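Residue strings, one per chain:
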Amino acid sequence: FSLIKEIVDHCRKTYPDMSFQFSMNSNVALTTPEIARTIDELGIEIATSIDGTKEWNDRVRITRNGKGTYDLIMKGRANLQAAGVNTGASSVTVTPKNLPGINTALIDWTVEQGNNEISIDLDVIHLYRELSPQEAVQQLIELSRYGRSTGVRVTGFWERPSENMYPSILEKPTGFCGGKKGHSMCVAPSGDILICGYSATKVGNVLNEGLHLPNKKYV
C-alpha cells in the first residue's frame, strides 16, 4: 500500500497540470478502515476481486492455511464503503472449481450487494477441460442478458475482440486497446516502455533510453 501512495503522490507532484484517474483491482482482504480512508482521499476507484458467492469464492480464493477469503473480502469492502469509496464493480475469474456457481444467482447476489457491474473472465488454461468454447459463449451471453434485465452490466475480456473490430479510431472512438486510443503506457519489469502490455513494439526504456518513437510499424 505504501507503493500505491508513492505512485499517486509522484504523479500529482511531477505533473501538477495533468488530471489523473486512478483505478485498481484488489481482493481488498487487507483493507483496514485507515487504508480505506486513504484510498478515498487519493481518489482511487476499486473493483473488488471476488469469485462468486461465499460457497464458490471459498473454493477458489483461499489463504495459505486453506481457509476461504469471502468474509475477509466482504469486511474490506465494508471498510471501503464506510469511507465513501465507490465499490460498485466486482471482478470474477471462472475456474473449474467455481464454474457451477457462475449463474443467475451470481447476478442476483451482485444486485443485493448494491453493485451495478460485474466483470466475468474465464481461466482459459484449465476451464476448457470442463466447458467447450461454445458452451462458455452461450453461458456468458445468457448472463449478460439476465444482467441487463436487473440493471447489472456483465462485462469481461471476452468482449474485446468485437470491440477491436470497429473501424479506425479516426472514424469511430471505440475499441478496447489503450494503445490504439493513446490512453495507455506500460512499463515492463525490465524497464521497457510499451504502448500496450500486449504489444511487441518497444518505445523506450525508463532505465536508460528514455522515450522514443520507433521508425517501424506498430504491432
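Above this text you will find the structure in question.
So, on to a nonpolar patch on the surface. The grouping of Val124, Ile125 and Tyr128 at the surface amounts to a nonpolar patch, some 310 Å² of accessible area in total. By the secondary structure assignment, Tyr128 is in the loop between β4 (117-122) and α6 (133-150). According to the relative accessible area criterion, Tyr128 is partly exposed, its value standing at 35%.

Structurally, Thr110 can be placed in helix α5 (residues 104-112). When its relative accessible area of 0% is taken as the criterion, Thr110 is described as buried. If we ignore the near neighbours within four places in the chain, the residues touching Thr110 are Asn115, Glu117, Ile118 and Val152.

An order of β6-β7-β8-β9 is seen for the four strands of this open sheet, with the pairing classed as antiparallel. Each edge of the open sheet carries a strand with a single partner, namely β6 (186-187) and β9 (210-211).

It is the contact of helix α1 (residues 2-14) with helix α2 (residues 33-42), at a shortest axis distance of 11 Å, that shows an interaxial angle of 20 degrees. Our classification of the angle between α1 and α2 gives roughly parallel. Crossing angle aside, the handedness with which α1 passes α2 is left-handed. Contact residues: α1 offers Lys5, Val8 and Arg12, while α2 offers Thr38, Glu41 and Leu42.

A few words now on the side chain of Thr87. Looking at where Thr87 falls in the secondary structure, it is placed in the loop between α4 (70-82) and β3 (89-94). Look at Thr87 and you get buried, because its relative accessible area is 6%. At 3.1 Å, the side chain of Thr87 forms a polar contact with the side chain of Gln81. If we skip the residues at most four places from it in the chain, Thr87 touches Ile46, Arg77, Leu80, Gln81 and Asn115.

Let us now look at the packing of aromatic side chains. On inspection of all chains with the given rule, the structure shows two aromatic pairs. Between Tyr15 and Phe20, the ring centres sit 6.5 Å apart and the planes meet at 55 degrees, which makes this aromatic pair tilted. For Tyr15, a relative accessible area of 42% corresponds to the partly exposed category. We classify Phe20 as partly exposed; its relative accessible area is 28%. Where Phe20 meets Phe22, the ring centres are 5.6 Å apart and the plane angle is 15 degrees; that geometry is what we call stacked. Residue class for Phe22 comes out buried when judged on its relative accessible area of 13%. The structure contains a cluster of three or more aromatic residues connected by ring pairs, namely Tyr15, Phe20 and Phe22.

Let us look at the packing of α5 against α6. Each pair of packed helices can be summarised by the angle the axes make with each other and by the distance between the axes. It is at 10 Å that the axes of α5 and α6 come closest, and there the two elements cross at 30 degrees. The angle between α5 and α6 falls in the class roughly parallel. The two elements α5 and α6 cross, and the hand of that crossing is right-handed. Across the interface between the two elements, Thr104, Ile107, Asp108 and Val111 from α5 touch Leu143, Tyr146, Gly147 and Thr150 from α6. In terms of residue class, the contact of α5 with α6 is made up of four nonpolar, three polar and one charged.

Take unusual backbone geometry next. One non-glycine residue, Val28, lies in positive phi territory at about 50 degrees. The residue Val28 is located in the loop between β1 (22-26) and α2 in this model.

Conventions adopted
Residues numbered from 1 in each chain as written. Predicted model: local features only at pLDDT ≥ 70, side-chain atom pairs only at ≥ 80, totals over all residues. Heavy atoms only, no water. Patch = residues over 30% accessible without salt bridge, like charges linked within 9 Å, V, L, I, M, F, W, Y side chains within 5 Å. Areas by Shrake-Rupley, 256 points an atom, 1.4 Å probe, with all protein chains shown as cover. Salt bridge = Lys/Arg side-chain N within 4 Å of Asp/Glu carboxyl O. Helix = DSSP H or I, 4+ residues; strand = E, 2+ residues; numbered from the N terminus. Buried < 20%, exposed > 50% of the residue type's maximum accessible area, 1.4 Å probe, protein only. Contact = heavy atoms within 4.5 Å. Pairing = 2+ DSSP bridges. Axes fitted to C-alpha atoms, helices over the stretch in contact; angles between N-to-C directions. Parallel < 35°, antiparallel > 145°, perpendicular 65-115°, else oblique. Left-handed = near helix turned anticlockwise from the far one by under 90°. Polar contact = N/O pair within 3.5 Å; in protein donor to acceptor, adjacent residues only side chain to side chain. Phe/Tyr/Trp six-rings, centres within 6.5 Å; stacked < 30°, edge-to-face > 60°. Nonpolar A, V, L, I, M, F, W, Y, C, P; charged D, E, K, R; others polar.

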